[in-house]
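Okay, here's what each chain looks like letter by letter:
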Amino acid sequence: MGNDGLLVVRCQLGEREAFRELVAMWHPPLWRYVRGMVGSPHLADDLAQEAWVAVVRGLPRLRQPERFAPWLFTIARRTVTDHLRQTYKAAETAMEEATTVVADDELSGVLTTVQIEAGLAALPLLEREVLILFHLEDLPLASCAEVLGVPAGTVKSRLYRARRMLRDHLAEKGYEA
Amino acid sequence: MSEQNRAAQRAVPEQLERALAAEVSLRSRLRHVAVGLAGGCGAAVIAVLWATEPDALPKRTQAAFAGLIAIGLAWAVLAGWVLSRRRPLFARDRVLSARIALAATVVTAVAGVALAAVRGSTVDLVATAAGGAVFAAAAMLALVRARRRRRELLRLRDALRQDAP
């Protein structure tokens, strides 16, 4: 379970100093995910704080400390989704997705973090989200599936499509994948 | 400087640290525990006083008693809501709160039984003692469960510390 699990257990016990360590460890990746999803750094600050408040309030009920990372991103995702739903009334329909399973493509490991970040803003929400979780946050496929609430096969198909879209976008900009 | 670097450098914003410090505050939790217990126990004592009154109370006094009981219960419900939704208790907080709750319910039960013995009938006394026993038992159960949960987490913490390099 490692250090993450230990920190979470200490927080659940009520060791106040452990919260500071937990937040220091996980705020940068959480903020980066939210920032990638909403675009604005200031809005990301607000939403990340909202997500952290929800995390602290839900932490005593977390039964599997080793599953903290996917749980954290699930809460962050819910916070972002709630915000987007308020901002765009039609956001709910955009979050629906077919569950077709496609084999992994040959682009794995080819795109760099910098390239992904550069092209993220141009992608639709679903594709942007899966790229952030899988490539920038390094969550395993199963954890991505848990956060997104879809089967692992769907994550694969989204990744496949997202990489394609990103590659096309980067190619238009003059990059070569 | 890229946004990613800025994010890494500023790490946790001060505002977030302040907000989270308030969120995890033990003092705030204990305040709500105290308010809830005071409301609930106060309402119980007033109910015993009302029930053991030998003569029928004037309407205004009855209304005042009913109002006080409602206010006490409202504080108890509010505190319960805050402690379950807004300021949930962590394992050590639960143990501490359960001990306070046990002490408060035992004191209230004893006070209620004494009042009923002095002022009321045998039926009042039995009913008060039974009510007090139920609340004290509930507090005891909460304490047992809280201690069990804390023990589980302590064991897990120690195991993880041993596994850590």
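Residues numbered from 1 in each chain as written. Chains lettered and ligands numbered in written order. Predicted model: local features only at pLDDT ≥ 70, side-chain atom pairs only at ≥ 80, totals over all residues. Heavy atoms only, no water.

Under an unreviewed UniProt entry, chain B has the name Transmembrane transport protein and belongs to Streptomyces labedae.

Chain A is annotated in an unreviewed UniProt entry as Sigma-70 family RNA polymerase sigma factor of Streptomyces labedae. Per its UniProt entry, chain A bears the Sequence similarities (unreviewed entry) comment "Belongs to the sigma-70 factor family. ECF subfamily." (UniProt positions renumbered as here; feature names shortened; annotations may be inferred.)

**Student:** Describe the overall build of chain A, and please don't skip the residues or the numbers.
**Tutor:** Assigned secondary structure in chain A consists of nine helices and zero strands. Listing each helix as α and each strand as β along chain A from the N terminus yields α-α-α-α-α-α-α-α-α. Expressed as a percentage of its 177 residues, the buried residues of chain A come to 53%. Partitioning the intrachain contacts of chain A with sequence separation of at least 6 by distance along the chain shows that 65% fall at a separation of at least 24. For chain A, the exposed area adds up to about 8000 Å²; of that, 53% sits on carbon and sulfur atoms. (Helix = DSSP H or I, 4+ residues; strand = E, 2+ residues; numbered from the N terminus. Buried < 20%, exposed > 50% of the residue type's maximum accessible area, 1.4 Å probe, protein only. Contact = heavy atoms within 4.5 Å. Areas by Shrake-Rupley, 256 points an atom, 1.4 Å probe, with all protein chains shown as cover.)

**Student:** I'd like a rundown of the interface of chain B and chain A, residues and numbers included.
**Tutor:** With 37 residues of chain B at the contact, the number on the chain A side is 35 residues. For the chain B and chain A pair, buried surface summed over both sides reaches about 3100 Å², with 60% attributable to carbon and sulfur atoms. Our count for the chain B to chain A interface comes out at five salt bridges. Between arginine 16 of chain A and aspartate 93 of chain B there is a salt bridge; the shortest N-O distance is 2.9 Å. Looking at the side of chain B that touches chain A, the elements that each hand over two or more residues are helix H1 (3–10), helix H2 (14–23), helix H3 (26–51), helix H4 (59–86), helix H5 (91–119) and helix H6 (122–163) of chain B. Here the side of chain B that touches chain A takes eight residues from H6 of chain B, the largest share from any one element. Considered class by class, the residues forming the side of chain B that touches chain A number 18 nonpolar, four polar and 15 charged. (Buried area = accessible area lost by both parts, 1.4 Å probe. Salt bridge = Lys/Arg side-chain N within 4 Å of Asp/Glu carboxyl O. Nonpolar A, V, L, I, M, F, W, Y, C, P; charged D, E, K, R; others polar.)

**Student:** Tell me about unusual backbone geometry, and please be specific about residues and values.
**Tutor:** Residue and element names in this part refer to chain A. A positive phi is found at aspartate 138, a non-glycine position, where the angle reads about 60°. Relative to the elements of secondary structure, aspartate 138 occurs in the loop between helix H7 (125–136) and helix H8 (141–148). Owing to a relative accessible area of 62%, aspartate 138 belongs among the exposed residues under this scheme.

**Student:** Break down the packing of H3 of chain B against H4 of chain B for me, with residues and values.
**Tutor:** Residues and elements named next belong to chain B. Here H3 crosses H4 at 155°, and the two axes come no closer than 8 Å. The angle between the axes of H3 and H4 places the two elements in the roughly antiparallel class. Considering how the two elements wind past one another, H3 and H4 form a crossing that is left-handed. Here Arg29, His32, Val33, Val35, Gly36, Gly39, Gly40, Ala43, Ile46, Ala47, Leu49 and Trp50 of H3 lie close against H4, whose contacting residues are Gln62, Phe65, Ala66, Leu68, Ile69, Gly72, Leu73, Trp75, Ala76, Ala79, Val82 and Leu83. Looking at side-chain class alone, the contact of H3 with H4 contains 17 nonpolar, six polar and one charged residues. (Axes fitted to C-alpha atoms, helices over the stretch in contact; angles between N-to-C directions. Parallel < 35°, antiparallel > 145°, perpendicular 65-115°, else oblique. Left-handed = near helix turned anticlockwise from the far one by under 90°.)

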